[in-house]
Amino acid sequence: LDRSGNNRADKSTAEAEDVTRETGMVKERETKEDGRYIIFYSFEEEEDKDPQESSDS
Amino acid sequence: LNQLRWDPTLREWVAYATHRQDRTFLPPAEYCPLDPTRPGGFPTEVPRASYEIAVFENRFPSFVPDAPEPEEGGSPLTPTAPGRGICEVVLYSDDHYATLAGMSERRIRNLVDVWADRYGELGSVDFVDYVFIFENKGEAIGVTLHHPHGQIYAYPFIPPRPAKELEAAREYRSQNEDRCLHCDLLSQEHEDGGRVVAKGDHFTAFVPFYAHFPYEAHVYARRCAPSIADLSGGERWDLARVLKKLLVGYDRLFGFSLPYMMVMHQAPTDGGDYGGVAHFHVEFYPPNRTADKLKYLAGSETGAGAYVMDALPEQTAGTLREAVEGAAS
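An account of the accompanying structure is given in this report. (Residues numbered from 1 in each chain as written. Chains lettered and ligands numbered in written order. Predicted model: local features only at pLDDT ≥ 70, side-chain atom pairs only at ≥ 80, totals over all residues. Heavy atoms only, no water.)

So, on to a nonpolar patch on the surface. A grouping of L1(B), V14(B) and Y16(B) is seen on the molecular surface, where their side chains present a nonpolar patch of about 240 Å² in accessible area. For Y16(B), the location among the structural elements is in strand β2 (residues 12-17). (Patch = residues over 30% accessible without salt bridge, like charges linked within 9 Å, V, L, I, M, F, W, Y side chains within 5 Å. Areas by Shrake-Rupley, 256 points an atom, 1.4 Å probe, with all protein chains shown as cover. Salt bridge = Lys/Arg side-chain N within 4 Å of Asp/Glu carboxyl O. Helix = DSSP H or I, 4+ residues; strand = E, 2+ residues; numbered from the N terminus.)

As structure tokens, this is what we get:
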């Protein structure tokens, strides 16, 4: 198990990888030089519009 | 060193993490470790030139996943345990000067998704019993970095305050025909109306009848959702809107970016059944009682656990509501 309790064999140790892509959220996990992980989240805005904006327009 | 020591007088764990004494303390903005690493600049915690939202393992964690058995064995009366857990930092933006109040509803909505994702992932780790999402904002709260960020502690136990709340909710449920304590409190606030600060389609912000801080506010899900991960897309949007309204109202009321502690209470992840007991909500504890006076947790609050307040929640809710409504108009 790695530091987060997950299977370390599933992870890249250097390069970023796309882990999930759901409801417009993209999650990329990297391992830093000291072994700690960092996760970058980005969002595809068209995937999830504000329902209030939709009803207002 | 990460270890837990049991306090048998209060029946709670105390965490010791002595390396935290050396953590970065209020660096100048140009050396903020939470900024992105600019081309040619010094390497920060974030090895990219820009980012939307990022989460990383805290460099100075209060708990670590591989904490060893403590060298101090304790005693049967005062046992010790490994300080096993996960501590994350959540970066809300790569803009050093941004605040949650000043962010767009869209970005806060995205942040809600990130919080929900972390709750699910950390909660699935076998030794994590409670995922605690929080933000300490402002030097009055003791923050050591100004960059907009929150934290997550994945505890190996259910911490005392949520545990006490869950115990009260479970007892209330058993004595009141399976009713949810928080649903009934929210209904009471809606019926009274005097302490409600902001209402959305799915969330309500109010100063509780029993507020422990002058401008304490709770943001309750209208539906009895156990955790942030259980919120629908529409509910997540509404949470973002209500949080924004409340935060903008706070800043407008005081005339500056208000310090606060923001915490989320939700279902533990210890495998137990919390249906109708855990009810997702967010609590804000600003330390200010006026623009230039702070509410201190002094002798009565710290030593006796008895809070003494000098303003009624109905009064503070009224002024806060006016600020929220004024900001919206």
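All names here are of chain B. In this sheet, strand β9 (residues 203-206) lies alongside strand β8 (residues 196-199) in antiparallel orientation, the contact comprising three bridges. Across the sheet, the residue bridging to A198 is A205, located in β9. Joining the antiparallel neighbours β8 and β9 is a turn of three residues. (Pairing = 2+ DSSP bridges.)

So, about the nonpolar core. Residues and elements named next belong to chain B. Counting residues in hydrophobic clusters, the biggest one holds 72 residues, and the most contacted among them are W115, V219, I228, L239 and F284. With residues near it in sequence (within four places) discarded, F284 still touches Y215, E216, A217, V219, L243, L246, L247, Y250, Y260, M261 and M262. Among the nonpolar cores identified, the runner-up in size contains 13 residues, and F63, A81, F157 and V263 belong to it. (Core = buried A, V, L, I, M, F, W, Y, C linked by side-chain atoms within 4.5 Å. Buried < 20%, exposed > 50% of the residue type's maximum accessible area, 1.4 Å probe, protein only. Contact = heavy atoms within 4.5 Å.)

In this section: the side chain of H147(B). Residues and elements named next belong to chain B. Assignment of secondary structure puts H147 in the loop between β6 (130-137) and β7 (149-155). Accessibility expressed as a relative area gives 1% for H147, which makes it buried. Side-chain polar atoms of H147 contact the side chain of D35, separated by 2.7 Å. Among residues more than four places away in sequence, those in contact with H147 are C32, L34, D35, Y51, L91, S93, D94, D95 and H96. (Polar contact = N/O pair within 3.5 Å; in protein donor to acceptor, adjacent residues only side chain to side chain.)

Here the distance between the centres and the angle between the planes together describe a pair of aromatic rings. This structure, assessed with the given rule, holds 19 aromatic pairs over all chains. Measuring from centroid to centroid gives 5.0 Å for F206(B) and Y220(B), while their planes differ by 65°, and the two rings are edge-to-face. One end of the pair, F206(B), is in strand β9; the other, Y220(B), is in strand β10 (residues 217-221), and 14 residues separate them in sequence. You'll find F206(B) and Y220(B) in the same group, each marked buried. Among the aromatic residues, those joined into a cluster by ring pairs are F63(B), F132(B), F134(B), Y153(B), Y155(B) and F157(B). Sitting above the plane of the Y37(A) ring, R29(A) keeps its charged end 5.0 Å from the centroid. Cation over ring: K32(A) sits above F56(B), and NZ or CZ is 4.8 Å from the ring centre. (Phe/Tyr/Trp six-rings, centres within 6.5 Å; stacked < 30°, edge-to-face > 60°. Lys NZ or Arg CZ within 6 Å of the ring centre and 35° of its normal.)

All names here are of chain B. Pairing in this open sheet of three strands is antiparallel, and the strands run β2-β1-β4 from one edge to the other. At either end of the open sheet lies a strand with only one pairing partner, and these are β2 and β4 (80-82). Shown here is a sheet whose adjacent strand axes are inclined to one another by a mean of 30°, direction ignored. Pairing analysis gives three bridges linking strand β1 (residues 2-7) to β4, with the strands arranged antiparallel. Among the inter-strand pairings, L4 is bridged to a residue of β4, identified as A81. (Axes fitted to C-alpha atoms, helices over the stretch in contact; angles between N-to-C directions.)

Our focus in this paragraph is the environment of N136(B). All names here are of chain B. Of note, N136 is situated in strand β6. According to the relative accessible area criterion, N136 is partly exposed, its value standing at 27%. For the pair formed by N136 and S104, sequence separation is 32 residues and the distance between their alpha carbons is 20 Å. Beyond its immediate stretch of four places on either side in the chain, N136 contacts I141, V143, Q151, Y260 and M261.

Before going further, it helps to spend a moment on helix α3 (residues 181-192) of chain B. Residues and elements named next belong to chain B. Taking 1.5 Å of rise per residue, the twelve residues of α3 would be expected to cover 16 Å, and the 17 Å separating its terminal C-alpha atoms lies within 8% of that figure. For α3, the complete set of buried residues consists of L181, H182, D184, L185, L186 and E189. Structurally, α3 contributes buried residues whose contacts are with α2 (160-175), β8, β9, β10 and β12 (281-285). One or two positions beyond α3, positive phi appears at G193, with a value near 80°. (Expected span 1.5 Å × (residues − 1).)

Here we take up the interface of chain A and chain B. Many structure descriptions define interface size as the accessible area lost when the parts assemble. Tallying the contact residues gives 27 residues for chain A and 32 residues for chain B. Here chain A meets chain B over a buried area of about 2700 Å², counting both sides, of which 44% is carbon and sulfur. Remark: the boundary between chain A and chain B carries seven salt bridges. When the shortest N-O distance is used, the salt bridge between E28(A) and R48(B) registers 3.5 Å. Scanning the region where chain A abuts chain B turns up 15 residue pairs in polar contact (both at pLDDT 80 or more). Looking at the side of chain A that touches chain B, the elements that each hand over two or more residues are β2 (25-31), β3 (37-43) and α1 (51-56) of chain A. The dominant element in the side of chain A that touches chain B, judged by the number of residues it contributes, is β3(A), at seven residues. (Buried area = accessible area lost by both parts, 1.4 Å probe.)

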